[in-house]
Number of protein chains: 2
Amino acid sequence: MTTSYSHADLVASTASQLRAAIRSDSYTGHTAGLAAGKLQCNLAILPETYALDFLRFCQRNPKPCPLVGVGDTGNPALPTLAPDIDIRTDVSKYRVFLDGAFSEEVTDISQHWSDDLVTVALGCSFTFENALLRNGVPVRHIETGRNVPMYRTNIDLVPAGPFSGKMVVTMRPIPEDQVSQAIEISARYPQAHGAPIAIGDPSEIGISDLASPDWGDAVEIRPGEIPVYWACGVTPQNVLLGAALPICITHSPGHMLVSDVAEDAETTILPNA
Amino acid sequence: MTTSYSHADLVASTASQLRAAIRSDSYTGHTAGLAAGKLQCNLAILPETYALDFLRFCQRNPKPCPLVGVGDTGNPALPTLAPDIDIRTDVSKYRVFLDGAFSEEVTDISQHWSDDLVTVALGCSFTFENALLRNGVPVRHIETGRNVPMYRTNIDLVPAGPFSGKMVVTMRPIPEDQVSQAIEISARYPQAHGAPIAIGDPSEIGISDLASPDWGDAVEIRPGEIPVYWACGVTPQNVLLGAALPICITHSPGHMLVSDVAEDAETTILPNA
């Protein structure tokens, strides 16, 4: 017997309550706007053989891949992010990839878990978007209830082992007189992609048409607004796919791992981890 | 035929010129006050078998172990820190440890290098000390030409594999009315230990006598000054020793790896790495 919750039901829940609802499959929706003030994370689970190179890859590409937590091999806990996390059940929707190809979308990965897997948590853009909104900088895709537009760029990533490729960015149109404020605010969150990667002309970073994003939804750029580009957490997912690992598990877009770490904390490590 | 340089000879040299002098054994001294404005690094070189756990350890203990660069296995280059680094020759003095015991201090580790070794570079306190001095906050051990006092504490580190232990801290006496400024300034440098770990009473973090540091030199605490404690790069060295790896190589205290990365850069990754 499972109670089913809507997004609205959970808006006032704590991160721990939200994880409990997700764990029991009482909530399988996206996590945007939930557990206010707590760090949410992109997720990558991969075999230990590849973990050293993947951590090197993240260290070398800190803007798209801000490392905020790493599990012990075979251990589904992430005590530095929250004392009760079981990564097999605590994300509302996962994507499983086998040999680099999408296999299935599931709400529980217990049957895929093994002693060989390492969990890697990476920061996500919700953190700086919340900060932009709190400071009166508009975020168009949130205003209009869409998914952020994401684009492949011509910006090379620093390779590590089998991991390489080009950076993926998100784009948010920002009023010209608020661009410097948006830069300053997002720069305060290095664990969540930090300051923008580029500003203005999309062709400078290899984007041919802002109206045709590679992922997500196109958004309107109004007169007096400048397109601003941030490094995106789809970058590591894309790179993992390209490496065609025997198995790799990620969260589904928007269905993030919700931690107990405060978005404004100096580090992403809980004081009594 | 080798020209020998003094510390004073190199004060105006670039980081690259300084590395060249060190590489040719023309300079074997400490690097404090050299290559102004460039990030200097603590060094740990260890076998690949232990590297994944050591990177997990650093990720989980970001205050004492801020990860600023990681080499490929067997490769002495660190292109994200400077294009020309050869880690076998570019540090002025190394310490070699075999099975957890000190073996020798050398100026070149070419004869110890192997295809199995991984280089890890960690941020160091020079960065925030320079920022304190630039902003008029006195740093006693620098004023008096001493080594910073370092103390074992009772603060548990978050373990990873064979790596665990207690945090080591440095102490700097700061005038009471400048403590909040010192906190704010050092917090800007998460790649260099960031904000202090503790302030005031040493017994709160398990230090029994400030006059008897475990490493370095005691410094005077004058009336109106408060002892302020920062996480210290000796922590990972200490933890590596405790793990008794078959081989482990570190820099000698004060003889840091000098990078081309600006101390004020948003990340420690060079733009064209």
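Residues numbered from 1 in each chain as written. Chains lettered and ligands numbered in written order. Predicted model: local features only at pLDDT ≥ 70, side-chain atom pairs only at ≥ 80, totals over all residues. Heavy atoms only, no water.

Draft legend 1. Focus on the overall build of chain A. Scanning chain A from N- to C-terminus turns up six helices and eleven strands. Relative to the globule expectation of 19 Å for 273 residues, the C-alpha radius of gyration of chain A, 18 Å, shows essentially globular dimensions. The principal-axis extents of the C-alpha atoms in chain A amount to approximately 50 × 45 × 35 Å. Burial analysis of chain A (273 residues in total) assigns 55% to the buried set. A total of about 10,600 Å² of accessible surface is found on chain A, and carbon and sulfur atoms cover 50% of it. Of the charged side chains in chain A, 17 are positive and 31 negative, and the gap between their average positions amounts to 2 Å. (Helix = DSSP H or I, 4+ residues; strand = E, 2+ residues; numbered from the N terminus. Rg over C-alpha atoms; globule rule 2.2 N^0.38 Å. Buried < 20%, exposed > 50% of the residue type's maximum accessible area, 1.4 Å probe, protein only. Areas by Shrake-Rupley, 256 points an atom, 1.4 Å probe, with all protein chains shown as cover. Lys, Arg positive; Asp, Glu negative; His and termini not counted. Charge placed at Lys NZ, Arg CZ, Asp CG, Glu CD.)

Draft legend 2. Structural detail: the domain arrangement of chain A. Residue and element names in this part refer to chain A. Taken domain by domain, chain A holds domain 1 (14-124 + 243-262) and domain 2 (126-235). A straight line from the C-alpha centre of domain 1 to that of domain 2 covers 22 Å. With 23 residues of domain 1 at the contact, the number on the domain 2 side is 23 residues. Viewed at the interface, domain 2 and domain 1 are joined by zero salt bridges. Here domain 1 is connected to domain 2 by six residue pairs in polar contact (both at pLDDT 80 or more). Listed by contribution, the elements that provide at least two residues to the side of domain 1 that touches domain 2 are β1 (38-47) and α2 (48-60). Among the elements that take part in the side of domain 1 that touches domain 2, α2 stands out by supplying six residues, more than any other. Per-class residue counts for the side of domain 1 that touches domain 2 are 13 nonpolar, six polar and four charged. (Domains from an automatic or database assignment. Contact = heavy atoms within 4.5 Å. Salt bridge = Lys/Arg side-chain N within 4 Å of Asp/Glu carboxyl O. Polar contact = N/O pair within 3.5 Å; in protein donor to acceptor, adjacent residues only side chain to side chain. Nonpolar A, V, L, I, M, F, W, Y, C, P; charged D, E, K, R; others polar.)

Draft legend 3. Quick peek at the sheet that holds strand β7 (residues 166-175) of chain B. Residue and element names in this part refer to chain B. Taken in spatial order, the four strands make up an open sheet running β6-β7-β9-β8, and their pairing is antiparallel. Across the chains shown, the open sheet's two edge strands, defined by having one partner strand only, are β6 (150-156) and β8 (198-199). The sheet contact formed by β8 and strand β9 (residues 225-231) spans two bridges and is antiparallel. Counted as the bridge partner of Ile199 is Val228 from β9. Contacts between helix α6 (residues 234-242) and the sheet are confined to β6 and β7, with β7 contributing the most and set at about 160° to the helix. (Pairing = 2+ DSSP bridges. Axes fitted to C-alpha atoms, helices over the stretch in contact; angles between N-to-C directions.)

Draft legend 4. Structural view of the relation of the copies chain B and chain A. Once chain B has been moved 0.0 Å along the axis and rotated by 180°, it coincides with chain A to within an RMSD of 0.0 Å. On this basis, the relationship between the two copies can be described by a two-fold rotation axis. Minimal C-alpha separation from the rotation axis in chain B is found for Leu52 of chain B, amounting to 2.6 Å. (Least-squares fit on C-alpha atoms with pLDDT ≥ 70 in both.)

Draft legend 5. A look at the state of the cysteines. Residue and element names in this part refer to chain A. Under the counting rule described, the total for this entry stands at zero disulfides over all chains. There is no disulfide at Cys58, and the cysteine sulfur nearest it, in Cys65, is 4.7 Å away. You can call Cys58 buried: its relative accessible area is 2%. Counting only cysteine sulfurs, Cys41 is the nearest neighbor of Cys124, a cysteine outside any disulfide, at a range of 7.2 Å. (Disulfide = S-S within 2.5 Å.)

Draft legend 6. Inspection of the packing of aromatic side chains at higher detail. Residue and element names in this part refer to chain A. This model, assessed by the stated rule, comprises ten aromatic pairs over all chains. With centroids separated by 5.4 Å and ring planes inclined at 70°, the aromatic side chains of Phe54 and Phe163 adopt a geometry described as edge-to-face. One end of the pair, Phe54, is in helix α2; the other, Phe163, is in the loop between β6 (150-156) and β7 (166-175), and 109 residues separate them in sequence. Like Phe54, the residue Phe163 is buried in the burial classification. (Phe/Tyr/Trp six-rings, centres within 6.5 Å; stacked < 30°, edge-to-face > 60°.)

Draft legend 7. Inspection of the packing of α2 of chain A against helix α2 (residues 48-60) of chain B at higher detail. Two numbers describe how α2 of chain A lies on α2 of chain B: the axes approach to 10 Å, and their chain directions differ by 60°. By the angle between their directions, the pair α2 of chain A and α2 of chain B is classed as oblique. In the packing of α2 of chain A onto α2 of chain B, the handedness of the crossing is left-handed. From α2 of chain A, Glu48, Ala51, Leu52, Leu55 and Arg56 of chain A reach across to α2 of chain B, where they touch Glu48, Ala51, Leu52, Leu55 and Arg56 of chain B. The residue makeup of the contact of α2 of chain A with α2 of chain B, split by class, is six nonpolar, no polar and four charged. (Parallel < 35°, antiparallel > 145°, perpendicular 65-115°, else oblique. Left-handed = near helix turned anticlockwise from the far one by under 90°.)

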